[in-house]
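Residues per chain are reported as follows:
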Amino acid sequence: MGQAIGQVLSFAVGVALSPIPIIAVVLMLGTPRARSNGPAFLAGWIAGLSVVGTIVLLVSSGASASKHGQPADWVNWLKLVLGLLLLLVAVRQWRGRPRGDAEAALPSWMKSIDRFTAVRAGTFGVVMSAFNPKNLLLVVGAAAAIAQTGVSAGKQAVALAVFVLIGSIGTGVPVVLYFVMGDRSKRLLDDLKAWMGQHNAAIMTVLCLVIGAKLIGDAISGFAA
């Protein structure tokens, strides 16, 4: 199980450090419905990661991801493809970064966050965790990495739970701060939102570059084994 957990740590950190979802939950915590929308978004986020991760894990396990203690060839090919796609995401993020003193552009839907209901906040949590292209690549990579270890189903479930838990830290911490600190958290969360917004492209570029390179390296090592 330790091997399975070790395989997913980098993927989980990549999911956790997602600037746009963190900014979204911080904005929700600044609205009159903060006490319902913040937790709803977090619940949706956790649900999205869990459902997609479970589906990929079941499919990967059923397709014999582990072969005599080593990743099956199709897993190595999957890692190679995912790594290349993440490198493309990194290039796209870097090319779209704000230049000079220009402010980073945020998604237009964020302007309507103050009108969100708890249901809509939860739905956005699911969409942003499970269907965001970068996160989807990372969830698929993490689930395949767990399956390739060949450990029992129970141990795979624990490894996936660890992935979801770590992957939810980024969106979960603002919610916890809001409920623990109350109004005192506003300045801290505003500073976090501003910093994440301005450096979104750089953060995403580095994360995708590092994890993409790791996946490609793992694939090459797997083919050579």
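Residues numbered from 1 in each chain as written. Predicted model: local features only at pLDDT ≥ 70, side-chain atom pairs only at ≥ 80, totals over all residues. Heavy atoms only, no water.

*Asks:* Would you mind showing me how to read the overall build of the protein chain here?
*Replies:* For the protein chain, the count of helices and strands is 10 helices and 2 strands. Relative to a compact globule of 225 residues, whose C-alpha radius of gyration would be 17 Å, the protein chain shows 18 Å and is just as compact. Dimensions of the protein chain, computed from the C-alpha atoms along their principal axes, are close to 55 × 40 × 25 Å. Taken across its 225 residues, the protein chain has 46% of its residues classed as buried. If you take every contact in the protein chain between residues at least 6 apart in sequence, the share linking residues at least 24 apart comes to 86%. Total accessible area on the protein chain is roughly 11100 Å²; 67% of this is exposed by carbon and sulfur atoms. For the protein chain, the distance from the average site of its 18 positive side-chain charges to the average site of its 8 negative ones is 6 Å. (Helix = DSSP H or I, 4+ residues; strand = E, 2+ residues; numbered from the N terminus. Rg over C-alpha atoms; globule rule 2.2 N^0.38 Å. Buried < 20%, exposed > 50% of the residue type's maximum accessible area, 1.4 Å probe, protein only. Contact = heavy atoms within 4.5 Å. Areas by Shrake-Rupley, 256 points an atom, 1.4 Å probe, with all protein chains shown as cover. Lys, Arg positive; Asp, Glu negative; His and termini not counted. Charge placed at Lys NZ, Arg CZ, Asp CG, Glu CD.)

*Asks:* What is the right way to read the side chain of Thr31 from this model?
*Replies:* Along the chain, the position of Thr31 falls in the loop between α2 (19-28) and α3 (34-62). On the basis of relative accessibility, which here comes to 12%, the residue Thr31 falls in the buried class. If near-sequence neighbours (up to four positions away) are discounted, Thr31 is found in contact with Ile113 and Asp114.

*Asks:* Explanation requested: the layout of surface pockets in the structure shown.
*Replies:* Gaps between atoms show up when a probe of the same size as a water molecule is rolled over them. Roughly 570 Å³ of internal volume is contained in the largest pocket. Looking at the lining of the largest pocket, the elements that each hand over two or more residues are α2, α4 (73-95), α6 (133-148), α9 (185-198) and α10 (200-224). With 4 residues, α4 is the single largest residue contributor to the lining of the largest pocket. Across the lining of the largest pocket, the residue classes tally to 13 nonpolar, 8 polar and 3 charged. (1 Å grid on protein atoms, 1.4 Å probe; cavity = no way out; pocket = protein on both sides within 12 Å on 5 of 7 lines; lining within 4 Å. Points joined across faces, edges and corners; volume = space filled by probe spheres on them. Nonpolar A, V, L, I, M, F, W, Y, C, P; charged D, E, K, R; others polar.)

*Asks:* Explanation requested: the packing of α4 against α10 in the structure shown.
*Replies:* Helix packing geometry: the angle between the two helix axes and the distance between the axes. Running from N to C, α4 and α10 point in directions that differ by 155 degrees, and their axes come no closer than 7 Å. In terms of their interaxial angle, α4 and α10 are classed as roughly antiparallel. Our pair here, α4 against α10, has a crossing hand that is left-handed. Considering only residue class, the contact of α4 with α10 consists of 19 nonpolar, 7 polar and 3 charged. (Axes fitted to C-alpha atoms, helices over the stretch in contact; angles between N-to-C directions. Parallel < 35°, antiparallel > 145°, perpendicular 65-115°, else oblique. Left-handed = near helix turned anticlockwise from the far one by under 90°.)

*Asks:* Looking at this model, I keep getting lost on the pattern of salt bridges. Mind explaining?
*Replies:* Side-chain pairing between opposite charges can occur once the charged atoms of the two side chains come close. Tallied over the entire structure, the rule returns 2 salt bridges. Residue Lys186 pairs with Asp190 through a salt bridge whose shortest N-O separation is 2.9 Å. Residue Lys186 and its partner Asp190 are both found in helix α9; the two are separated by 4 residues, about one turn of the helix. With a relative accessible area of 28%, Asp190 lands in the partly exposed category. Residue Lys214 pairs with Asp218 through a salt bridge whose shortest N-O separation is 2.8 Å. With a gap of 4 residues between them, Lys214 and Asp218 both fall in helix α10, about one helical turn apart. Look at Lys214 and you get partly exposed, because its relative accessible area is 29%. (Salt bridge = Lys/Arg side-chain N within 4 Å of Asp/Glu carboxyl O.)

*Asks:* Which parts of the structure should I look at to understand the packing of aromatic side chains?
*Replies:* Two aromatic rings are characterised by how far apart their centres lie and by the angle between their planes. This structure, assessed with the given rule, holds 4 aromatic pairs. Ring geometry for Phe116 and Phe124: centres 4.8 Å apart, planes at 40 degrees, overall tilted. For the pair formed by Phe116 and Phe124, the shared burial category is buried. Cluster of aromatic residues (ring-pair linked, three or more members): Trp109, Phe116 and Phe124. (Phe/Tyr/Trp six-rings, centres within 6.5 Å; stacked < 30°, edge-to-face > 60°.)

These results come straight from atomic positions and should not be treated as a statement about function.
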